[in-house]
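Single-letter residue listing:
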Amino acid sequence: MDFRTACEEVQVLRNAGEEVTLTVSFLKRSPAFLKLPLNEDCACAPSDQSSGTSSPLCDSGLHLNYHPNNTDTLSCSSWPTSPGLRWEKRWCDLRLIPLLHSRFSQYVPGTDLSRQNAFQVIAVDGVCSGIIQCLSAEDCVDWLQAIATNISNLTKHNIKKINRNFPVNQQIVYMGWCEAREQDPLQDRVYSPTFLALRGSCLYKFLAPPVTTWDWTRAEKTFSVYEIMCKILKDSDLLDRRKHCFTVQSESGEDLYFSVELESDLAQWERAFQTATFLEVERIQCKTYACVLESHLMGLTIDFSTGFICFDAATKVMCSDQL
């Protein structure tokens with residue numbers, strides 16, 4: 001049975017209706033995709049590095065071991081003629097998902113319902129791995145941590161390259177995916193994917209990772225890091241079954257609720273936010289805000305070296321000594 005015949009049979013099964021009767025017969029010689037390649041011709045083509053799929057019918061995953069660095073897949077018409085050559089079984093790529101700017105989740109999309117020992121990976125272009133079911137909770141944690149580590153390393157490397165094009169006061173400190181909790185409880189999807197970035201003096205909230213300089217001007221929301229408060233939530237503060245959550249409160253009083261997948265993701269975000277805030281406070285040193293004191297328009301200056309100064313906005317006369 002060649003690849004074309006297999007595809008035709010798959011199509012017949014799809015159109016067969018609700019009930020299908022199959023007759024199974026014994027094969028003395030197994031097809032290529034089940035065991036070893038046969039002498040029949042096939043059009044094997046190597047898969048590329050982009051997101052997508054390739055059929056196991058076309059790539060048997062069998063290679064000769066005559067050279068340790070050999071990675072060339074032999075065609076199905078090839079067959080070892082020398083007794084010194086033997087076949088090696090190798091993995092066949094069914095789906096390739098680039099991990100740069102990809103995200104993963106154990107939760108059913110949009111909900112706080114966690115899958116048991118299962119997760120999925122979604123590439124930046126939307127290609128999904130499908131549900132990956134692990135045999136145990138330990139295996140699932142190991143896979144999630146390994147994927148998270150690779151994504152983190154790729155992101156850090158990408159940040160270094162991007163920062164070469166930005167001035168010192170506009171450097172990127174953090175970029176990564178999280179899930180934002182919708183404030184409207186009537187929404188069908190309680191959570192939606194959100195891409196957060198800490199760059200210079202601002203926290204950016206995107207629907208997708210920024211690729212060009214222009215993308216940074218098109219953020220869904222932007223906040224000054226020294227005018228917002230970040231709080232890592234304890235178990236008693238959580239609003240639902242999702243763990244590893246934090247909130248961001250803006251200067252206007254708006255509360256944003258976010259969820260990440262792993263405890264290590266939460267720790268990474270907390271360190272990045274503290275770093276971004278420290279760098280910006282160290283840079284500006286002093287900030288003045290308008291305020292009202294006993295019905296008088298006042299000015300409040302926060303000087304991170306000397307303290308606080310409150311003065312009359314009209315006369316500039318200080319109403320109290322430095323605190």
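What you see is a predicted model, and the numbers here were worked out from it, not measured in a lab.

J.: Sorry if this is basic, but what is going on with the pairing of strand E6 (residues 118–122) here?
T.: Regular strands show a simple pattern: their side chains alternate between the two faces of the sheet. Counting buried residues along E6, five of its five residues qualify, which places the element largely inside the surrounding structure. Taking every second residue as pointing to the same face, both faces of E6 are buried, with Ala118, Gln120 and Ile122 on one and Phe119 and Val121 on the other. Note that strand E5 (residues 103–105) and E6 share three bridges and pair antiparallel. Bridging from a neighbouring strand, Phe104 pairs with Val121 of E6. Pairing analysis gives two bridges linking E6 to strand E7 (residues 132–133), with the strands arranged antiparallel.

J.: How do you make sense of empty space enclosed by the protein when you look at a structure like this?
T.: Rolled over the atoms, a probe sized like a water molecule indicates the empty space that remains. Throughout the structure, instances matching the rule amount to three cavities of 30 Å³ or more. By volume, the largest cavity amounts to about 370 Å³. Lining the largest cavity are 21 residues, with Phe104, Ile151, Gly176, Trp177 and Asp265 sitting closest to its centre. Those elements that place two or more of their residues in the lining of the largest cavity are E5, helix H2 (137–163), strand E8 (172–181) and helix H3 (263–284). With six residues, the single largest contributor to the lining of the largest cavity is E8.

J.: I'm lost on the side chain of Ser250 in this one. Help?
T.: Along the chain, Ser250 turns up in the loop between strand E13 (245–249) and strand E14 (255–259). Ser250 sits in the buried class, given a relative accessible area of 8%. Among all residues touching Ser250, those that are not within four sequence positions of it are Phe223, Glu227 and Ile228.

So, how was this worked out
Numbers given for residues are sequential positions, taken from 1 along each chain in its written order. Per-residue local features of the predicted model are confined to residues with pLDDT of at least 70, and side-chain atom pairs are confined, for both listing and counting, to 80 or more; whole-chain, interface and lining totals are unaffected and use all residues. Heavy atoms from the whole structure form the basis of all side-chain values; hydrogens and water molecules are not counted. Remark: exposure states derive from per-residue accessible area (1.4 Å probe, protein chains only) relative to the maximum for the residue type, with buried under 20%, exposed over 50%, and partly exposed in between. In this description a helix means any DSSP run of H or I spanning at least four residues, a strand means any run of E spanning at least two, and both kinds are numbered starting from the N terminus. Only strands that DSSP links by at least two bridges are regarded as paired with each other. Definitions used throughout: a 1 Å grid over protein atoms alone; a cavity as a set of points that fits a 1.4 Å probe which cannot get out; a pocket as an open set with protein on both sides within 12 Å along at least five of seven lines; a lining residue as one with an atom within 4 Å of a point. Grid points are joined across faces, edges and corners, and a volume is the space filled by probe spheres set on the points. Every residue pair with non-hydrogen atoms within 4.5 Å of one another is taken to be in contact.

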